[in-house]
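Per-entry structural report
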Amino acid sequence: MAARPYHCLAGLELPQGRFVALFSGGWIPLLNALVAIKVTLGSLTMIQRLVRHRGLL
């Protein structure tokens, strides 16, 4: 048997999920979108504070 990155699961099959199905892991893309929005807003806030404090570069 070839070495797999998930060898610790030892024969356990990961569930096949549908998008937005709560128990299948389909909500993970929604969480990724929320994290992306939060990171974007945080980056914009940091840039805004830099411009206010130091002025335009």
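It should be noted that the structure appears before, not after, this text.
What counts, and at which threshold
Residues numbered from 1 in each chain as written. Predicted model: local features only at pLDDT ≥ 70, side-chain atom pairs only at ≥ 80, totals over all residues. Heavy atoms only, no water. Helix = DSSP H or I, 4+ residues; strand = E, 2+ residues; numbered from the N terminus. Buried < 20%, exposed > 50% of the residue type's maximum accessible area, 1.4 Å probe, protein only. Areas by Shrake-Rupley, 256 points an atom, 1.4 Å probe, with all protein chains shown as cover. Expected span 1.5 Å × (residues − 1). Patch = residues over 30% accessible without salt bridge, like charges linked within 9 Å, V, L, I, M, F, W, Y side chains within 5 Å. Salt bridge = Lys/Arg side-chain N within 4 Å of Asp/Glu carboxyl O.

This brings us to the overall build of the chain. Across its full length, the chain holds one helix and zero strands. The buried share of the chain, reckoned over its 57 residues, is 4%. Carbon and sulfur atoms make up 68% of the accessible area of the chain, which totals about 5800 Å².

Under the 1.5 Å per step criterion, the end-to-end length of helix α1 (residues 28-54) is 39 Å for 27 residues, consistent within 8% with the ideal 39 Å. In terms of residue burial, α1 counts as a barely covered element, since only zero of its 27 residues are buried. One or two steps after α1, the chain reaches Gly55, where phi turns positive at roughly 85°.

Among the surface-exposed residues, Trp27, Ile28, Leu30, Leu31, Leu34, Ile37, Leu41, Leu44, Ile47, Val51 and Leu56 lie close enough to one another that they form a single nonpolar patch of about 1100 Å² accessible area. For Leu31, a relative accessible area of 38% puts it in the partly exposed group.

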